[in-house]
Amino acid sequence: MADRGEGEHVSEQSGQEPGERTASHIAHNARVWNYWLGGKDHYEVDQQVGDQVTSMYPSIGEVARADRAFLGRAVTYLAGQAGLRQYLDIGTGLPTAENTHEVAQRIAPDSRVVYVDNDPIVLTHARALLTSTDEGATSYVDADARDPAAILRASSGTLDLSRPVAVMMLGILNFILDTAEATSIVRHLLDAVPSGSYLVLTHPTLELGGEGNEEAMRFWNENATPPITARSRTEIEGFLEGLDVLEPGLVSCARWRTDGSDEGPIVAQFGVLARKP
């Protein structure tokens, strides 16, 4: 178990120091996303690519902010109404305000959170995530989303996988270009957790007014890393097979359970919560 209140850093399968995997001359998703969110953890190349994508698809900043707000609402529901106490956050990204453990532990101090990413920049900043209430715990796993077995193995030191877990995959499956592989990853993770667990998912789409993003994604794949893909509603629904989808269903993440006060423009990013029966 992680030391309560201190967290634990678990390095799984990287075999390298963060600096060895950092290419400051190539734009990287975590840093560009940080730039779009108004953060400071990025290089000039990230800003340049981020600005170019924005010029091609002006609502990308709204997508980033809506995705982050969705995380807050989803975890608030899970920690509150659903009574969930365990979170496996895959594709963590760079730490910013209102991280998963902060939202969950504010409502339920005994919440336990495992963050997973294989981005060297995120690894460098991981200690910012490793704070916790005395009652709860956080840890960080350096692992690839394509290796769910490694993720589950490393997470079991902090999470009790015999009890319900929220498997959080916000903006991560879009980096698994093969849909069959992405579906297999989701199945592997959900097969390992019991009834009452949840899948929390966001994913970019060319629907919901996102048609203009196609050219921007092509530019991204030619100039940044990792490559990305959009998916249709039907393809994303495939990830939810066998699960009970919560109302309001698969919608723009900007429209998932808003109360009106935090409702922004519709963005081309699906968001959904689904429960394992």
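None of the values given here were measured: they were computed from a predicted structure.

Calculation rules
- For every chain, the first residue of its written sequence is number 1, and the numbers climb from 1 along that sequence.
- Whole-chain, interface and lining totals are the exception, using all residues; otherwise, since this is a predicted model, local features are given only for residues with pLDDT of at least 70 and side-chain atom pairs are given and counted only at 80 or more.
- As a rule here, side-chain values come from all non-hydrogen atoms in the structure, and water together with hydrogens is ignored.
- Put simply, DSSP H or I for four residues or longer makes a helix, DSSP E for two residues or longer makes a strand, and each gets a number counted from the N terminus.
- Contacts between residues were defined by any pair of non-hydrogen atoms, one from each residue, lying within 4.5 Å.
- Salt bridge, as used here, is a side-chain nitrogen of Lys or Arg placed within 4 Å of a carboxyl oxygen of Asp or Glu.
- Burial classes: relative accessible area under 20% of the type maximum marks a residue as buried, over 50% as exposed, and values in between as partly exposed (1.4 Å probe, protein chains only).
- The term nonpolar core refers to a set of buried residues drawn from Ala, Val, Leu, Ile, Met, Phe, Trp, Tyr and Cys, joined through side-chain atoms within 4.5 Å.
- Predictor confidence is given residue by residue as pLDDT, running from a minimum of 0 to a maximum of 100.
- If DSSP finds at least two bridges between two strands, the strands pair.
- When the strands point away from the viewer and the connection leading from the first strand across the helix to the second strand turns clockwise, the crossover is called right-handed.
- Throughout, an axis means a line fitted to C-alpha atoms (over the contacting stretch in the case of helices), and angles, computed between N-to-C directions, take values from 0 to 180 degrees.
- The hand of a helix crossing depends on one turn: near helix anticlockwise from the far one by less than a right angle means left-handed, and clockwise means right-handed.

(A) Quick look at the overall build of the protein chain. Along the protein chain, the regular secondary structure elements total nine helices and eleven strands. If you take every contact in the protein chain between residues at least 6 apart in sequence, the share linking residues at least 24 apart comes to 75%.

(B) Layout of the pattern of salt bridges. Throughout the structure, instances matching the rule amount to five salt bridges. The partner of Arg31 in a salt bridge is Asp46, with the nearest N and O atoms 2.6 Å apart. Here the residue Arg31 occupies a position in helix 1 (residues 29-36), and Asp46 occupies one in helix 2 (residues 44-56), the gap between them amounting to 15 residues. For the pair formed by Arg31 and Asp46, the shared burial category is buried. Across the pair Arg146 and Asp144 runs a salt bridge, and its minimum N-O distance is 3.6 Å. Residue classification places Asp144 among the buried residues on the basis of a relative accessible area of 18%.

(C) How the structure looks around unusual backbone geometry. Residue Pro226 is bonded to the preceding Thr225 through a cis peptide linkage, with omega at -10°. With respect to the helices, strands and loops of the structure, Pro226 is situated in the loop between strand 8 (224-225) and helix 9 (233-239). Here the bond from Glu247 into Pro248 is cis, since omega is 5°, no more than 30 degrees from zero. Secondary-structure assignment places Pro248 in the loop between strand 9 (244-245) and strand 10 (251-252). A positive phi angle is found at Arg257, which is not glycine, with a value near 50°. With respect to the helices and strands, Arg257 occurs in the loop between strand 10 and strand 11 (269-275).

(D) Geometry of the nonpolar core. The biggest cluster of nonpolar side chains holds 88 residues, and the ones touching the most others in it are Tyr87, Leu88 and Met169. Considering each element in turn, this core owes the most residues, eleven residues, to helix 3 (residues 60-79).

(E) Expanded view of the confidence of the model for the protein chain. Mean pLDDT over the protein chain: 88, with 90% of residues reaching 70 or higher. Overall, residues 1-22 carries pLDDT values under 50, and its contacts beyond four positions in sequence, including any with other chains, amount to 61 contacts.

(F) Structural context of the pairing of strand 6 (residues 166-170). Of all five residues in strand 6, five are buried; the element is thus mostly enclosed. In this structure, strand 3 (residues 86-90) lies alongside strand 6, joined through three bridges in parallel fashion. Pairing of Tyr87 across the sheet is with Ala166, part of strand 6. Pairing between strand 6 and strand 7 (residues 198-204): five bridges, direction parallel. What sits directly across from Val167, in strand 7, is Leu199. The parallel pair strand 6 and strand 7 is bridged by helix 7 (residues 179-191), and the resulting crossover is right-handed.

(G) How the structure looks around helix 6 (residues 148-155). With six of eight residues buried, helix 6 is to be regarded as a mostly interior element. Along helix 6, the residues classified as buried are Pro148, Ala150, Ile151, Leu152, Ala154 and Ser155.

(H) Local environment of the pairing of strand 3. Counting buried residues in strand 3 gives five out of five residues, a clear majority hidden from the surface. Along strand 3, one buried face is formed by Gln86, Leu88 and Ile90 and the opposite face, lined by Tyr87 and Asp89, is buried too. Between the parallel pair strand 3 and strand 4 (residues 112-117), the chain is carried across by helix 4 (residues 100-107), and the sense of this crossover is right-handed.

(I) The packing of helix 3 against helix 4, seen in detail. Between helix 3 and helix 4, the least distance of the axes is 9 Å, while the angle of their chain directions is 35°. Considering how the two elements wind past one another, helix 3 and helix 4 form a crossing that is right-handed. Of helix 4, the residues touching helix 3 (which contributes Leu71, Gly72, Val75, Thr76 and Ala79) are Thr100, Val103, Ala104 and Ile107.

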